[in-house]
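Inside the fold
The chain contents come next:
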Number of protein chains: 2
Amino acid sequence: MASKSAAGLEKYVRERVPPMLTDQYQFTMAYTYWKSGRHQDEAVFELFFRENPFGGEFSLFSGLTDCLLFLKNFKYTEQDVAFLKSVLPSTMEEGFFRYLLTMDASGVSVCSFPEGSVVFDRVPLMEVNGPLAVVQLLETSLLCLVNYASLVSSNAARLRLAAGPKKRMLEMGLRRAQGPDGGLSASRYSYIGGFDMTSNMLAGQLFGIPVSGTMAHSYITSFSSLEEVRHRTLAPALGEGPALDLVSLSQAWLPRVCSLLQVTHSEVNQGELAAFISYALAFPRNFLVLLDSYSVMRSGVLNFCAVALALCQLHYQPIGVRLDSGDLCGQSVELRQIFLSCSSRFQVAELQSLLIVGSNNISEKSLLEMNGRENEIDVVGVGTHLVTCPLQPSLGCVYKLVQVNGAPRMKLTEDSGKSTLPGRKAVYRLYSQDGHAFLDLLSLREEPVPAEGIAVQCRVLGGWEEETVTAARVERIHQQCFTQGQISQTLPSTADIRTRVQAALSTLHPGQRRLQQPERYKVAVSEKLYCLLRDLKNSLKN
Amino acid sequence: MASKSAAGLEKYVRERVPPMLTDQYQFTMAYTYWKSGRHQDEAVFELFFRENPFGGEFSLFSGLTDCLLFLKNFKYTEQDVAFLKSVLPSTMEEGFFRYLLTMDASGVSVCSFPEGSVVFDRVPLMEVNGPLAVVQLLETSLLCLVNYASLVSSNAARLRLAAGPKKRMLEMGLRRAQGPDGGLSASRYSYIGGFDMTSNMLAGQLFGIPVSGTMAHSYITSFSSLEEVRHRTLAPALGEGPALDLVSLSQAWLPRVCSLLQVTHSEVNQGELAAFISYALAFPRNFLVLLDSYSVMRSGVLNFCAVALALCQLHYQPIGVRLDSGDLCGQSVELRQIFLSCSSRFQVAELQSLLIVGSNNISEKSLLEMNGRENEIDVVGVGTHLVTCPLQPSLGCVYKLVQVNGAPRMKLTEDSGKSTLPGRKAVYRLYSQDGHAFLDLLSLREEPVPAEGIAVQCRVLGGWEEETVTAARVERIHQQCFTQGQISQTLPSTADIRTRVQAALSTLHPGQRRLQQPERYKVAVSEKLYCLLRDLKNSLKN
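Residues numbered from 1 in each chain as written. Chains lettered and ligands numbered in written order. Predicted model: local features only at pLDDT ≥ 70, side-chain atom pairs only at ≥ 80, totals over all residues. Heavy atoms only, no water.

**Details of the UniProt feature "domain: Nicotinate phosphoribosyltransferase C-terminal" (unreviewed entry) in chain A**
- Taking the numbering used here, the UniProt-annotated feature "domain: Nicotinate phosphoribosyltransferase C-terminal" (unreviewed entry) corresponds to residues 424-532 of chain A.
- Within residues 424-532 of chain A, the helical portion is 21% and the strand portion 39%, while the C-alpha atoms at the span's ends are 11 Å from each other. (UniProt positions renumbered as here; feature names shortened; annotations may be inferred. Helix = DSSP H or I, 4+ residues; strand = E, 2+ residues; numbered from the N terminus.)

**Structural notes on unusual backbone geometry**
- One non-glycine residue, Q517(A), adopts positive backbone phi at about 45°.
- By relative accessible area, which is 71% here, Q517(A) ends up exposed. (Buried < 20%, exposed > 50% of the residue type's maximum accessible area, 1.4 Å probe, protein only.)

**What about the relation of the copies chain B and chain A?**
- The transformation that overlays chain B on chain A combines an axial shift of 0.0 Å with a rotation of 180°, and the residual RMSD is 0.1 Å. The transformation relating the two chain copies, once decomposed into turn and shift, fits a two-fold axis.
- With an isologous cut-off of 70% or more, the 99% of interface residues of chain B that recur at the interface of chain A puts this contact in the isologous class. (Least-squares fit on C-alpha atoms with pLDDT ≥ 70 in both. Contact = heavy atoms within 4.5 Å.)

**Things to note about helix 14 (residues 328-346) of chain B**
Residue and element names in this part refer to chain B.
- The terminal C-alpha atoms of helix 14 lie 26 Å apart, and with 19 residues this matches the ideal 27 Å at 1.5 Å per residue to within 8%.
- Among all positions of helix 14, only L328, C329, Q331, S332, V333, L335, R336, I338, F339, C342, S343 and F346 are buried.
- Residues of helix 14 that are buried in the fold lie against helix 11 (246-261), helix 13 (296-313), strand 11 (320-323), strand 12 (355-358) and helix 15 (364-372).
- N-capping of helix 14 is provided by D327, with a side-chain oxygen placed 3.3 Å from the backbone N of C329.
- Q347 sits one or two positions beyond helix 14 and adopts a positive phi of about 55°. (Expected span 1.5 Å × (residues − 1). Polar contact = N/O pair within 3.5 Å; in protein donor to acceptor, adjacent residues only side chain to side chain.)

**Some points on the sheet that holds strand 16 (residues 425-431) of chain A**
Residue and element names in this part refer to chain A.
- A sheet is described by the order of its strands in space; here 6 strands give the open sequence 19-18-23-17-16-20, paired in mixed fashion. Two strands close off the open sheet at either side, each with one partner strand: strand 19 (466-470) and strand 20 (473-476). Averaged over all pairs of adjacent strands, the angle between their axes in this sheet comes to 40°, without regard to strand direction.
- Pairing of strand 17 (residues 437-444) with strand 23 (residues 522-526) involves 4 bridges; the strand directions are parallel. Its bridge partner being in strand 23, L442 is matched across the sheet by V525. (Pairing = 2+ DSSP bridges. Axes fitted to C-alpha atoms, helices over the stretch in contact; angles between N-to-C directions.)

**Details of the sheet that holds strand 6 (residues 168-171) of chain B**
All names here are of chain B.
- On the basis of which strands lie adjacent, the open sheet formed by 6 strands has the order 7-6-13-12-11-10 and parallel pairing. Every other strand in the sheet has two partners, leaving strand 7 (197-198) and strand 10 (288-290) as the edge strands with one partner each.
- Across 4 bridges, the pairing between strand 11 and strand 12 is parallel. Looking at strand 12, one finds that G320 is bridged to L355.

**As for the packing of aromatic side chains**
Residue and element names in this part refer to chain A.
- Applying the stated criterion to the full structure yields 40 aromatic pairs over all chains.
- Ring plane angle 10° and centroid distance 3.6 Å describe the contact between F120 and Y521, whose orientation is recorded as stacked. Of this pair, F120 sits in the loop between strand 4 (118-119) and strand 5 (126-131) while Y521 sits in the loop between helix 18 (510-513) and strand 23, and the two are 401 residues apart along the sequence.
- The class for F120 is buried, based on a relative accessible area of 1%.
- A centroid spacing of 5.5 Å and a plane angle of 5° characterise the contact between F287 and F304, whose relative ring orientation is stacked. Note that F287 is positioned in the loop between helix 12 (270-282) and strand 10 (288-290) and F304 in helix 13 (residues 296-313), a separation of 17 residues in sequence. Both residues of the pair, F287 and F304, belong to the buried class. (Phe/Tyr/Trp six-rings, centres within 6.5 Å; stacked < 30°, edge-to-face > 60°.)

**Here's the deal with the side chain of D181(B)**
- Take D181(B): it is sitting in helix 8 (residues 179-193).
- Within polar-contact distance, the side chain of D181(B) engages the side chain of Y12(B) at 3.1 Å.
- There is a polar contact of 3.2 Å between the side chain of D181(B) and the side chain of R16(B).
- If we ignore the near neighbours within four places in the chain, the residues touching D181(B) are Q178(A), G179(A), P180(A), D181(A), Y12(B) and R16(B).

**Observations concerning the interface of chain B and chain A**
- Taken together, the contacts link 113 residues of chain B with 113 residues of chain A.
- Summed over both partners, the interface of chain B with chain A comes to about 9600 Å²; 57% of that surface belongs to carbon and sulfur atoms.
- Summed over the shared surface of chain B and chain A, the number is 8 salt bridges.
- Across the pair D41(A) and R230(B) runs a salt bridge, and its minimum N-O distance is 3.6 Å.
- In terms of residues, the side of chain B that touches chain A owes the most to one element, helix 2 (residues 24-35) of chain B, which gives 10 residues. (Buried area = accessible area lost by both parts, 1.4 Å probe. Salt bridge = Lys/Arg side-chain N within 4 Å of Asp/Glu carboxyl O.)

**Focus: the pattern of salt bridges**
- Per the counting criterion, the structure on display carries 58 salt bridges over all chains.
- A salt bridge links D327(A) to R373(A); the shortest N-O distance between them is 3.3 Å. Residue D327(A) is located in the loop between strand 11 (320-323) and helix 14 (328-346), and its partner R373(A) is located in the loop between helix 15 (364-372) and strand 13 (379-382); the two are separated by 46 residues in the primary sequence.
- A residue is classified by how much of its surface remains accessible, and D327(A), at 38% relative accessible area, is partly exposed.
- For R373(A), a relative accessible area of 43% corresponds to the partly exposed category.
- Note that R459(A) and E527(A) form a salt bridge whose closest N and O atoms lie 3.1 Å from each other. With R459(A) in strand 18 (residues 455-460) and E527(A) in helix 19 (residues 527-541), this residue pair connects regions lying 68 residues apart in the sequence.
- Judged by relative accessible area, R459(A) falls into the buried class, the value being 16%.
- Sharing partners across several salt bridges, the network here consists of D23(A), E139(A) and R175(B).

**Concerning the packing of helix 11 of chain B against helix 13 of chain B**
Residues and elements named next belong to chain B.
- The N-to-C vectors of helix 11 and helix 13 enclose an angle of 130°; their axes lie 7 Å apart at closest approach. Taken as axis vectors, helix 11 and helix 13 run oblique relative to one another. Crossing handedness for the pair helix 11 and helix 13: right-handed. Two secondary-structure elements touch here, helix 11 through L246, L249, S250, W253, L254, V257, C258 and L261 and helix 13 through V301, L302, N303, C305, A306, V307, L309, A310, L311 and Q313.
- Residue composition of the contact of helix 11 with helix 13, by class: 15 nonpolar, 3 polar and no charged. (Parallel < 35°, antiparallel > 145°, perpendicular 65-115°, else oblique. Left-handed = near helix turned anticlockwise from the far one by under 90°. Nonpolar A, V, L, I, M, F, W, Y, C, P; charged D, E, K, R; others polar.)

**Let's talk about the UniProt feature "domain: Nicotinate phosphoribosyltransferase N-terminal" (unreviewed entry) in chain A**
- Mapped onto this numbering, the UniProt entry annotates "domain: Nicotinate phosphoribosyltransferase N-terminal" (unreviewed entry) at residues 20-147 of chain A.
- The distance from the first to the last C-alpha atom of residues 20-147 of chain A is 18 Å, and the span holds 43% helix and 16% strand.

If you want it as structure tokens, here you go:
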């Protein structure tokens, strides 16, 4: 974390994710394990999702850092246990509550994809093993930490793909997120997924994410006349002369701009002009204003140009404008032309490099449309469609038992899509000659690593069709990250994870990275795992 | 709060909602106000939404308690200000940062709907007044606290209406919410909206919400044979005899149940039987199990009946079953018949009153369908469709300036739906003779209260058509709840707010409470407010 020590992040997780943040049934199950003497049985759970989100063919895996910090601090307090006693069935024995007080994650180990990996449906993201009662109790908290983090970072990655690599992207969804921490998670994982900055100050403070922002409509409408500009003078940028009256300078430019753009001077809102001048006086080097409080083309842009030209006179470089309503693409093109004709007419080069920021209900769909149209938007601000993930508002990771005391386990419902893959697995990613990943292969732990350049037989998940694949490169994916109660790898910073995401996305075949109707990425099991699955299915059915 | 002192709730809000949880632009705006000497100007903001969520005709207002606690604790730390200095433009003057360090909400007052009120689009939910820079800085945090709280409590209220009053409703969405606090907010405000209980233990601990839950599939699949039941005996319920071997008792019942239901004994899964028996041994008075780990009708129900009958032999009352896949209605009817025929065949009355719990992707739509079909479901568990509000994942409350130093303000964009209503308002709710609310009337503060039984002229929002209304009862809605830095009303408990919600919903006309194609609820402005709006619009346009 750039601006936050690891200890600070640990405190953050400890405060927000106490072990009581879990479902009640974890305690009734743990009690039953304890009561039947099975609580120390060696259990293995896998955390995975069954379907890639948003109709895509990939997802990002996020939230691991918080999971590890949660595990490290996993410990019930006396108060917690007193509360549990007060709400759980009164028939429960005292010994269990004493057991809870001694419980921690010292018997737990985790191996997992690195945080920020590109991941696929039905491939275990994390494997958690340890005493049955303990690893059962971890379920809800781990799911809660991974589900939304992965969902929103995946959404951010898609929005980034939709916008193309050139636009800068600002997350601004705090007010629309699921409460305070929902907003904080949104900012953090949007940045990881590929956004450049956030409006959320606390996210900047806690996670070192670049923060950005300028003004709201209320700022503009709070001004009604130029008399409200109480301090009017500004010194030139390089201190090369006396301070000048920015109001007079702007007022002098306004009729010239009006004449160039053929707008009647009286149409221009004076309160807006006062707001822009005040902002320029406060932030002469960061002059970027909101144009649409009254009328973009009949007021906002004229006031902006007048104040920007005044700033240029004092050798400041104005930054740009924000559009927050209407046809963003069309307006941006018109604005660019206005800026260029002002620049040429008044011989002011600074107006050639202004930024145009677009916001207002921007979605994946509108970004794709934007990309297909002529536009001059340099920066997009995305709020609601980023943080609430309306195309699919939850990821649906599950946490399933695959082995107890060395014996494989599976859930076999009548809904075959909800069946699980038994046994403890190794996960390999297979790459083709051109460097693209083309298959994730799950095999049993004890099987040898698939050799590079040698054909391997496997069964593709879903239809179980046989397939023979040859990988130019084979990557063993899961890394041991938590060992017997301790975090056993260096925690990457938020910025490190963000970098990893972009690298990981580049290993995907473009057809699989496509947002709409992507090509299928195959996940397969080894022949041995397939046989285990078939045999166990048959034995459970009989 | 039943189980949590007011001080505990205050700590909770302080930790999660520091004043840094806001958008960067609030600081740049505040600086500009300060720089232009306007920061102490007396400003009035209103918080409202523009459209009722989910295609309905009402919403609930939630989140006020946290807003008030946030305001009470609103104070930047030295660390906060040091961070702000490090990320905000370096041209900002030191005096502003000193001002931030002295800032608190002692100049702020709030009047508002009571929390848990039924509210409508475009009616101010809260009015916040105080020094311009301070009330500006509050914007994002207040929106963040109100938006999701109101959205999810409204969603819960709709789901409750869809399910009908008889079903008990369990919120179980923690793992699918927007991270840890998203899940906590979901549990808290779902309860307020009309749910009966939550699976979220921390929500129980912090807010006194009843908690509930039994077991997951992993619990069932962790058992593979009866040998895993290590302690087998259970004493009778009233201690009236020796402990008996529950495994043997259940095993003795199983063939009789199989024969009654015409299922081959060998189809019944032994691991599942072991899991059920272990649960019965742990929770003989709370025996409620998940039926669909293998096959509901060829395994789950047989194992359940066998263990339930064994428990009945020992004079325990089994509680029921949970279905988590397939056709919930159809299965519930079949199960009820099985329970009744077991009860009659084996002469065990206890099987007549079993609970059937249904879960698995339950939504408003599926609850409405459930209501229209024969079913025997007593309790529904709702997760994803409750906490993520997929029909509309954000409420879209806004916070708009309506007055500065006594002068009305408005935003007048080219998108007329985004224009605001100027001036400081009084809000009245008008009731008809039969006790139903029929109109919310906004007038200027200085206007007299509309008299009961006397015709009042007003303009309906939207088309501005003139209308004359006569109210049998007029309620002045906004209450002063924060006065010059102090909370000026007693904070209601979570349970109190929940009770208020149900009372408020009952004042709605059934046609307006309807979930689909509801009748319109009218919101109107007084003639005076309408004139102000028209005049201000004209003056801003020129």
